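Close look at the chain arrangement
The primary structure of each chain is shown beneath.
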Amino acid sequence: MNAFWELFLARKAELLELFIQHMNMASLAVAVSLLIGIPLGIMITKNKVVADFVIGFANVLQSIPSIALLAFSVPFLGIGTKPAILMVVVYALLPIIKNTYTGIVSIDPQTIESAKGIGLSRWQQLVQVELPIAAPFIMAGIRISAVTAAGSVTIAAFAGAGGLGWFINLGLNANNPNLVLLGAIPASLLALLIDYILARLENLVTPEGLKPPEEINQVSRRKRIFDKVITYGLCGGLFLFPIVYAAGEQLQRDDKIITVGTTNFTEAFILGDIYSELIESNTDIEVDEKFNLSGSIIAFSALENGDLDMYTEYTGTALGNILHQPMSTDPDEAYQVVRERMAVDHDIYTSAPLGFNNTYVMAVKPATAEKYGLSKLSDLKVKASRLRLGCTVEFSQRPDSLPKMESQFGIHFKDVKGLEGNIRYQAIASDEVDITDAFSTDAQLKKMGLVPLEDDLQFFPPYYAVNLVRNDVFARYPELEPLLSKLNGLISEEDMMEMNYRVDIEGMNSKTVAHDFLLENGLIR
Amino acid sequence: MITLKNIYKSYKSKPVLTGINLQIESGEFIVLIGPSGCGKTTLLKMINKLVPVDKGDVIIDGVPIKQIVDTKLRRSMGYVVQEGGLFPHMTVAENIGQILKITGTEKKEREARVDELLNMVELPPESYRDLYPSQLSGGQQQRVGVARAFSVNPEIILMDEPFSALDPVTRSELQDEIFRLQKKFSKTIVFVTHDIDEAIKLASRICIMHEGQIVQCDTPENTLKNPADDYVRQFIGRNRLWENPEFIKARDIMKTKPFCISRNRSLFQAVQMMNQNSVDSLLVTEHGKLEGILRLKDIRRIPDYKIPLAKYISTDTISVYEDTDLKKIINHLDDNFSGIIPVVSHENKLLGYITKSGLLAALSKQYEPDEQISYERNGTL
């Protein structure tokens, strides 16, 4: 509890900003859902078949995993607020369409019949009869979707749009429950607040005549007016605030701006923060941060379409996953291919390696290393059959990982368990497995004092960190080229692991860690 | 005046109306009746274009309604549906004033009109104006529905089974009410029901429909007395006429060809005539007009049969007009009734007579047995 309180105090400014971002995105998403959902809900009341189709379609949309939807939408919409809002809209749409539809079709047919029969036009019938009677239903739908939106906006963090999901994601990466709570609790509170305000609104829009007979006109006129002012005020605030805020941001926005992105793990954040502060402290260029993009594919397509100006990537990933080139285990060759293909095929500049190689390593406890005499990867050729491997599912499946180890070197483990992220370390700590795959700069290696086995077989591809920058950035800001190159070769594996450790294990803010690094190396004053 | 001309309608190739022709005069109270599925509601809804006509024309005062904008047409006539069809989110006053508001009647004028209409349907405005439909009973809701239909003072009012959801007492009250309003404001009302008693009570003409056609369209009286075919006979029910004795008139039960005699004849001739025909009284007429009755008991003791009979005509007898109804006739008979009652036209022209036995025979008809059974011709029943 204490730790949570301290975290809260340390990050309250950031929290406020993320909270506002979160709220704005949720409001905007609900507003968009309303603009689509209500007219659509009304239109489909005319045709049962179309209605079934539309509602069925909305149902299907809702069942698509959000991450998949994100992956689909980024190529079209880029990264940032747009795909995030699209995702939330997709989830918020169904209750609005459904309730608008149900609210209208469940009106007594005699009422509709007489509305028509006494001579109301189609529009008058809708506005004066159908919508007022369906209002409580529609409002209930809006309420459900707004609460859903407040929750699902946490996904926005995966598209680099910020919001409270940012903290949740940081916390998950660092295995820090307090950080997760710092994002989750305000998100829940926001959902409750929205629910409360909309419940009041629902009550207000319920026509007096639709209440149970004994409740009709039981509230004094004065109280009703008071209720109206408060509720409409709150709702107006909820929707107006994002507009005013966005307008304000737009006005403040500098002419000189550069967008720095990162993928979604601690090391990437630290590198992003380092570049970000390096630029802001040494130039008059403002940095727009689009951190936490879920995976290299999304980040790279954002870089290509101009949503990002730069982000750090690893040579191995660039070679295999992005450029689809044959994997090379020679670091120099790998780097040269990446550099050339990036420049020729994508008009993207690849910096010299930053120094460290964040590749796969096989790691064991010191006791295990001693017991079996393990220090090099080649030692496994003999000893593997006595060791239980706990590795990521990816490691066990990728053709250049475990399968290659088995086929090329005859390394067969006694047992293989597919485990996720932090669970691997817990499993090795409790001796349920003997050996695990790890990343060479992983903070957990340092924390647990695990022994990495030297890759004397040149088995793993090189994963040297490089900075990818759009060429047009240097055209706009020539001063950046010499500035950014100051980081080339500067960050050793020990440095990186140390910084990861301070964030993941000690719970420090990545910005602080980045700041300290720049200070130590005299890159900022 | 509404003219329905050769109207056809089918739903999904299933014919609903097949060649309807009907002329509705202004001020008529037309009731469309028939079993469900006979097309009566469809026909009603064609008059305000809620249901489009496949073939044929609906013409109102010479203008085919095809040429009138839907909303304008509907606003020119009242429309009442089952349970009132009130808008639940509006007060009674808002419901009644809805069309007035849309068509731009000033607020003050509108409020005055709403109060007037509430008074018309006997709901005191000050206590009902601001209530919501859910606070009203079914009957009250329907009164509001009727008031709404009258709001723009339309020539024509369409009513689609308006009272069928009400309890019998309330229904009867509202029937009286609408009957009164129709007479008072002489609106043209087209009224759909499946209740033959309601039709008989309200209609100036009843249109009986069967499988998309009008099988008979006539006054309640004629319909009851002269069903067009077996279907109508079955539909109105055998005893329906006897449940409505006001429709049975003197002319329906009288015997024609009464035994008449001129006042210039002698008593002898009169007695002779009575003997020949085995009657105990003769009707005295002059040029077909009834002058009185000559009874055997009054002249039996007269010694001289040669004198003219004029002196012995009794004029204290009751006679009835041909259209006097059975109920009234029976009410006027005293226990001592014997002999005959002459039936005359309003010009006092003698048309026939009613005897005690004739009356008994007529009354006994309502107890017609379900099946034809053979009557015992003698013995004790």
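All of these numbers come straight from a predicted model, not from anything done at the bench.

1. Thoughts on the overall build of chain A
Counting its regular elements, chain A contains 24 helices and 10 strands. Expressed as a percentage of its 525 residues, the buried residues of chain A come to 51%. Total accessible area on chain A is roughly 23,300 Å²; 59% of this is exposed by carbon and sulfur atoms. Seen as two clouds, the 41 positive and the 60 negative side-chain charges of chain A have centres 8 Å apart.

2. Points about the interface of chain A and chain B
Each partner contributes residues to the interface: chain A has 24 residues there, and chain B has 23 residues. Where chain A abuts chain B, roughly 2,000 Å² becomes buried across the two surfaces, and 62% of that area is made up of carbon and sulfur atoms. Taken as a group, Gln 110, Glu 113 and Ile 118 of chain A account for 27% of the area that chain A buries against chain B, more than any other trio of residues on that side. For the pair chain A and chain B, the number of links is one salt bridge. Lys 45 of chain B is the partner of Glu 113 of chain A in a salt bridge, and the nearest nitrogen-oxygen pair spans 3.1 Å. One can count eight residue pairs in polar contact (both at pLDDT 80 or more) joining chain A with chain B. At seven residues, helix α6 (residues 109–117) of chain A tops the list of elements feeding residues into the side of chain A that touches chain B.

3. Here we look at unusual backbone geometry
Residues and elements named next belong to chain B. Even without being a glycine, Lys 12 presents a positive backbone phi close to 50°. When its relative accessible area of 83% is taken as the criterion, Lys 12 is described as exposed. Not every positive phi belongs to a glycine, and His 287 is a case in point at roughly 50°. You can see His 287 is positioned in the loop between β12 (281–286) and β13 (289–295).

4. Considering the packing of aromatic side chains
Residue and element names in this part refer to chain A. This structure, assessed with the given rule, holds 18 aromatic pairs over all chains. Ring centres 6.5 Å apart and planes at 65° place the aromatic pair Tyr 314 and Phe 356 in the edge-to-face group. On the criterion of sequence distance, the pair formed by Tyr 314 in strand β3 (residues 310–314) and Phe 356 in the loop between β4 (348–350) and β5 (360–364) is long-range, its members being 42 residues apart. Phe 356 carries the same exposure label as Tyr 314, and that label is buried. An aromatic cluster is defined as three or more aromatic residues linked by ring pairs; in this entry it consists of Tyr 360, Phe 395, Phe 409, Phe 439, Phe 459, Phe 460 and Tyr 463. Geometry around Phe 459 places Lys 404 over its ring, the cationic atom sitting 5.1 Å from the centre.

5. Concerning the packing of helix α2 (residues 12–43) of chain A against helix α8 (residues 165–173) of chain A
Residues and elements named next belong to chain A. With their axes 9 Å apart at the nearest point, α2 and α8 run at an angle of 120° to one another. Between α2 and α8, the crossing angle belongs to the class labelled oblique. In this structure, α2 uses Glu 14, Leu 15, Leu 18 and His 22 to contact α8, whose residues at the interface are Gly 165, Trp 166 and Phe 167.

6. Quick notes on the domain arrangement of chain B
Entries for chain B in the domain assignment read domain 1 (2–244) and domain 2 (251–365). The gap between the C-alpha centroids of domain 1 of chain B and domain 2 of chain B is 48 Å.

7. Section: the sheet that holds β13 of chain B
Residues and elements named next belong to chain B. Here we have three strands laid out as an open sheet, ordered β11-β12-β13, and mixed in their pairing. The open sheet has two edge strands with one neighbour each: β11 (260–261) and β13. As defined by bridge partners, β11 adjoins β12 across two bridges and the pair is classed as parallel. In the sheet register, Cys 260 faces β12, and the bridge partner there is Leu 283.

8. What to know about empty space enclosed by the protein
One pass over the full model with this rule turns up five cavities of 30 Å³ or more. Looking at the largest cavity, its volume works out to about 100 Å³. Lining the largest cavity are 15 residues; nearest its centre among them are Arg 11, Leu 170, Leu 179, Val 503 and Met 508 of chain A. Only α8, α11 (266–282) and α23 (493–504) of chain A provide two or more residues apiece to the lining of the largest cavity. For the lining of the largest cavity, the residue count by class is seven nonpolar, six polar and two charged. The computed volume of the second largest cavity comes to approximately 70 Å³. Taken together, Ile 118 of chain A together with Arg 74, Arg 75, Met 77, Gly 78, Tyr 79, Ile 99, Arg 148, Ala 149, Ser 151 and Val 152 of chain B make up the lining of the second largest cavity.

9. Thoughts on the environment of Leu 118 of chain B
Residues and elements named next belong to chain B. Summarising the element assignment, Leu 118 is placed in helix α4 (residues 107–120). According to the relative accessible area criterion, Leu 118 is buried, its value standing at 0%. Measuring from C-alpha to C-alpha, the distance between Leu 118 and Met 46 comes to 29 Å, with 72 residues separating the pair along the chain.

10. Notes on the sheet that holds strand β2 (residues 14–24) of chain B
Residue and element names in this part refer to chain B. Here four strands make up an open sheet; going across it, the order is β2-β1-β4-β5 and the pairing antiparallel. Both outer strands of the open sheet, β2 and β5 (63–64), are each paired with one neighbouring strand and no more. Direction of pairing for strand β4 (residues 55–60) relative to β5: antiparallel, over a ladder of two bridges. Looking at β5, one finds that Ile 59 is bridged to Pro 64. Seen against the sheet, helix α1 (residues 40–47) touches β1 (2–11), β2 and β4 and runs at an angle of roughly 125° to β1.

11. What about the nonpolar core?
In this structure, Met 362, Leu 380, Met 405, Phe 413 and Leu 480 of chain A are the most contacted members of the largest nonpolar core, which totals 71 residues. Element by element, the count of residues in this core is highest for α11 of chain A, at seven residues. With residues near it in sequence (within four places) discarded, Phe 413 of chain A still touches Met 362, Leu 380, Ala 384, Leu 387, Leu 389, Leu 402, Met 405 and Ile 435 of chain A. By size, the runner-up hydrophobic cluster in this structure holds 56 residues, among which are Val 80, Leu 136, Leu 166 and Val 343 of chain B.

12. Examining the environment of Gly 212 of chain B
Residue and element names in this part refer to chain B. Residue placement: Gly 212 occurs in the loop between β9 (205–210) and β10 (213–218). For Gly 212, a relative accessible area of 0% corresponds to the buried category. Expressed as a C-alpha distance, the spacing of Gly 212 and Lys 9, which sit 203 residues apart in the sequence, is 8.7 Å. Sequence-distant contacts of Gly 212, that is, excluding residues within four places in its chain, are made with Val 16, Leu 17, Thr 18, Ile 20 and Cys 38.

13. Details of the packing of α11 of chain A against helix α24 (residues 510–520) of chain A
Residues and elements named next belong to chain A. One way to put it is that α11 packs onto α24 with a least axis distance of 8 Å and a crossing angle of 55°. What the angle tells us is that α11 and α24 run oblique. Crossing angle aside, the handedness with which α11 passes α24 is right-handed. Here Phe 269, Ile 270, Asp 273, Ile 274, Glu 277 and Leu 278 of α11 come into contact with α24, specifically with Ser 510, Lys 511, Ala 514, His 515, Phe 517 and Leu 518. Here the residues of the contact of α11 with α24 are counted per class, giving seven nonpolar, two polar and three charged.

14. Overview of the pairing of strand β1 (residues 257–263) of chain A
All names here are of chain A. Counting buried positions over the seven residues of β1 gives seven, a clear majority of the element. Neither face of β1 is open: one carries Ile 257, Thr 259, Gly 261 and Thr 263, the other Ile 258, Val 260 and Thr 262, and all of them are buried. Here six bridges tie β1 to strand β2 (residues 286–293), and the two strands are oriented parallel to one another. Bridging from a neighbouring strand, Thr 263 pairs with Leu 293 of β2. The parallel pair β1 and β2 is bridged by α11, and the resulting crossover is right-handed.

Conventions and cut-offs
Position numbers for residues start from 1 in each chain and track the written sequence from start to end. Starting at A for chains and at 1 for ligands, labels are handed out in the order in which the entities are written. Local features in a predicted model are, by the rule used here, given only for residues with pLDDT of at least 70; side-chain atom pairs are given and counted only at 80 or more, and totals for whole chains, interfaces and linings are based on all residues. Calculated side-chain values reflect all of the structure's heavy atoms, with hydrogen atoms and water omitted. We count a stretch as a helix when DSSP gives it H or I for four or more residues in a row; a strand needs E for two or more, and each element gets its number in order from the N terminus. Partly exposed describes any residue whose relative accessible area lies between the buried limit of under 20% and the exposed limit of over 50%, with all areas from a 1.4 Å probe on protein chains only and scaled to the type maximum. Shrake-Rupley sampling with a 1.4 Å probe provides the accessible areas, and residues are treated as covered by the protein chains on show and by no other component. A positive count includes Lys and Arg, and a negative count includes Asp and Glu. His and the chain ends are not counted in either. A charged residue contributes its charge at one atom only: NZ of Lys, CZ of Arg, CG of Asp or CD of Glu. Only heavy atoms enter the contact rule, under which two residues are in contact if any of them lie within 4.5 Å. Buried area, as used here, totals the accessible surface that two parts lose on assembly, with accessibility defined by a 1.4 Å probe and the loss added over both. The term salt bridge refers to a side-chain nitrogen of Lys or Arg lying within 4 Å of a carboxyl oxygen of Asp or Glu. Here a polar contact is recorded for every N or O atom pair within 3.5 Å, except that within protein the pair must consist of a potential hydrogen donor and a potential acceptor, and residues adjacent in sequence are included only if both atoms are side-chain atoms. Within 6.5 Å between ring centres, the rings of Phe, Tyr and Trp (the latter by its six-membered ring) count as paired, and their orientation is classed by plane angle as stacked under 30 degrees, edge-to-face over 60, tilted in between. Put simply, a charge is over a ring when the Lys NZ or the Arg CZ is close to the ring centre, within 6 Å, and near the line of the ring normal, within 35 degrees. Axes, fitted as lines to C-alpha atoms, cover a helix only where it is in contact. Angles between the N-to-C directions of the axes lie from 0 to 180 degrees. Orientation is classified from the angle alone, with under 35 degrees giving roughly parallel, over 145 giving roughly antiparallel, 65 to 115 giving roughly perpendicular, and any other angle giving oblique. Per the annotation, domain bounds derive from an automatic or database assignment of domains. Being paired, for any two strands, means DSSP has found at least two bridges between them. Using a 1 Å grid laid over the protein atoms alone, points where a 1.4 Å probe fits but cannot get out form a cavity; open sets with protein on both sides within 12 Å along at least 5 of 7 lines form a pocket; any residue with an atom within 4 Å of a point counts as lining. Grid points are joined across faces, edges and corners, and a volume is the space filled by probe spheres set on the points. The residue classification treats Ala, Val, Leu, Ile, Met, Phe, Trp, Tyr, Cys and Pro as nonpolar and Asp, Glu, Lys and Arg as charged. All others, Gly included, are polar. For the purposes of this section, nonpolar cores are sets of buried Ala, Val, Leu, Ile, Met, Phe, Trp, Tyr and Cys residues that join through side-chain atoms within 4.5 Å. Helix crossings get a hand from a simple test, with the near helix turned counterclockwise from the far one by less than a right angle marking a left-handed crossing and a clockwise turn marking a right-handed one. Whether a crossover is right-handed comes down to one check: with the strands pointing away from the viewer, does the path from the first strand over the helix to the second run clockwise; if it does, it is right-handed.

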